[in-house]
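# Topology and contacts: notes
The chain contents come next:
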Amino acid sequence: MNILENDKLIIESKNSGAELTRIYSKDLKKEILWNGDSTHWSRHSPILFPIVGRLKDNKTYIEDKFYSMSQHGFARDMDFEIIYNDNTSITYKLISNDETKKLYPYSFELLIKYTIVNNSININWNVLNKDTRDMYFSIGAHPAFNIYDDLCNYYLEFNSRDIVKKINLDGPYFNSLKEVYNLNNLRLEPKIFEKDALIYTNIDSINLKSNKSKDYININFKDFPLVGIWTPYYKDTNSTAPFVCIEPWFGIADSVNSDKIYTNKAYINKLKPLESFNSLYTITIEKE
């Protein structure tokens, strides 16, 4: 594990998947990020690239050829190289290679940077198209935050920039959009995750709060088109895992009626040769 620390936080990350694996608040004496217990979910905060969600039949048609990719893509399972590390930040790099090109044909460079600033973690993404043709991709975050009490004691506060739309799923696939009005607060309870993730458009930030605590987590992802909210749901007991994921995305699963053509995916991103994509989201541990 690679450690960054200041007087407020300890954060850990690893080369495998460039994944953030720990956020510890010194002020609260509390673990913020899920520990990866495989009883519920073995990950902490994986990077989703070059797809978010699932492809129809796990296959897609790119540049005149079919490719197979499992849910959320391959980056989360690949070893990244550390290219910079000091007391406040660490940067990981993944470059396309023979292994990635069996799954995805483009030449690319993916940089993931974590920076610790006071009681916040900035997460920067940089995607560079190193190919001679246009490159298409999706990218997303999947951080899981600990729930220390009954889920029903927690709620989300939303800050939106426009009319919010909820994406309805059909199984794991994108089905339809529906406008949602006055989405300011959402009380968490197991039943709302019965059909998998809740997905919204036009949200800029979310506060994860508890009725029994004055501390809370702010996830700020202004200008991201989508956010997913998820925890595993256990139908037999009408219960969930002891964490909730708040996931800013630039991309989404295939639609129910997908033609499997990668460039036709909803919310797909495009880079011209040598063009780069840069984005930032921030996790802050707050106290009222």
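Right above here is the structure, for reference.
Residues numbered from 1 in each chain as written. Predicted model: local features only at pLDDT ≥ 70, side-chain atom pairs only at ≥ 80, totals over all residues. Heavy atoms only, no water.

Now for unusual backbone geometry. The bulk of non-glycine residues show a negative phi, and the bulk of peptide bonds are trans. The step from Phe49 to Pro50 runs through a cis peptide bond, and the omega angle for that step is 0 degrees. With respect to the element layout, Pro50 can be found in the loop between strand S4 (30-31) and strand S5 (59-62). Non-glycine residue Ala18 carries a positive phi angle of around 50 degrees. Topologically, Ala18 is positioned in the loop between strand S2 (9-13) and strand S3 (20-25). (Helix = DSSP H or I, 4+ residues; strand = E, 2+ residues; numbered from the N terminus.)

What follows deals with the pairing of strand S10 (residues 120-129). Counting buried positions over the 10 residues of S10 gives 8, a clear majority of the element. Connecting strand S9 (residues 108-117) to the antiparallel partner S10 that follows it, the hairpin turn spans 2 residues, and Asn118 within it adopts a positive phi of roughly 55 degrees. As paired strands, S10 and strand S26 (residues 276-287) are joined by 9 bridges and run antiparallel to one another. Bridge pairing links Ile123 to Tyr281 in S26. (Buried < 20%, exposed > 50% of the residue type's maximum accessible area, 1.4 Å probe, protein only. Pairing = 2+ DSSP bridges.)

Another aspect to go through is the sheet that holds strand S1 (residues 2-5). Across the sheet, which stays open at both edges, the 4 strands sit in the order S1-S2-S3-S4 with antiparallel pairing between neighbours. The sheet is open, and its two edges are formed by S1 and S4, each paired on a single side.

A few words now on the state of the cysteines. Within this structure, the stated rule accounts for 0 disulfides. Of all cysteine sulfurs, the one in Cys245 lies closest to Cys152, which takes part in no disulfide; the gap is 18 Å. On the accessibility criterion, Cys152 (26% relative accessible area) is partly exposed. (Disulfide = S-S within 2.5 Å.)

Taking strand neighbours across the sheet as the criterion, the 9 strands line up as S7-S8-S9-S10-S26-S20-S19-S14-S17 in an open arrangement whose pairing is antiparallel. The open sheet terminates on both sides in strands that have one partner only, identified here as strand S7 (81-85) and strand S17 (185-187). Geometrically, the sheet is characterised by an average inter-axis angle of 15 degrees between neighbouring strands, direction not taken into account. Both strand S19 (residues 203-210) and strand S20 (residues 215-220) contribute to a ladder of 4 bridges, which runs antiparallel. By the bridge assignment, Ser205 is partnered in S20 with Asn220. (Axes fitted to C-alpha atoms, helices over the stretch in contact; angles between N-to-C directions.)

The residue Tyr233 is located in strand S22 (residues 233-234) in this model. Remark: the alpha-carbon pair of Tyr233 and Lys195, spanning 38 residues in sequence, is separated by 8.5 Å. Residues in contact with Tyr233, not counting those within four places in the same chain, are Pro190, Lys191, Phe193, Glu194, Asn238, Ser239 and Thr240. Looking at Tyr233, its side chain comes within polar contact range of the side chain of Asn238, at 3.0 Å. (Contact = heavy atoms within 4.5 Å. Polar contact = N/O pair within 3.5 Å; in protein donor to acceptor, adjacent residues only side chain to side chain.)

Another point: the packing of aromatic side chains. Inspection of every chain in the model, using the stated rule, returns 23 aromatic pairs. Here Tyr104 and Tyr262 contribute two aromatic rings whose centre-to-centre distance is 6.2 Å and whose plane-to-plane angle is 75 degrees, an arrangement assigned as edge-to-face. Placement of Tyr104 in the loop between helix H1 (98-101) and S9 and of Tyr262 in the loop between strand S24 (243-250) and strand S25 (269-271) is noted, with a sequence separation of 158 residues between them. For the pair Tyr104 and Tyr262, one class covers both residues: buried. (Phe/Tyr/Trp six-rings, centres within 6.5 Å; stacked < 30°, edge-to-face > 60°.)

Attention shifts here to the pattern of salt bridges. On inspection of all chains with the given rule, the structure shows 17 salt bridges. Two residues, Arg43 and Asp77, come together in a salt bridge whose shortest N-O distance is 3.1 Å. On the criterion of sequence distance, the pair formed by Arg43 in the loop between S4 and S5 and Asp77 in the loop between strand S6 (65-68) and S7 is long-range, its members being 34 residues apart. Exposure remark for Arg43: the relative accessible area of 18% places this residue in the buried category. (Salt bridge = Lys/Arg side-chain N within 4 Å of Asp/Glu carboxyl O.)

Structurally, Glu63 is set in the loop between S5 and S6. For Glu63, a relative accessible area of 38% corresponds to the partly exposed category. When the C-alpha atoms of Glu63 and Ile261 are compared, they prove to be 9.1 Å apart, with 198 residues separating the residues in sequence. Not counting residues up to four positions away in its chain, the partners in contact with Glu63 are Pro105, Tyr106, Arg133 and Asp134. At 3.2 Å, the side chain of Glu63 and the side chain of Tyr106 are in polar contact.

Here the focus is the pairing of strand S8 (residues 89-95). Of all the 7 residues making up S8, 6 are buried; the element is thus mostly covered by neighbouring parts of the structure. Taken together, the 4 bridges between S7 and S8 define a ladder with antiparallel strand orientation. Across the sheet, the residue bridging to Tyr84 is Thr91, located in S8. Between S7 and the antiparallel strand that follows it, S8, lie 3 residues.

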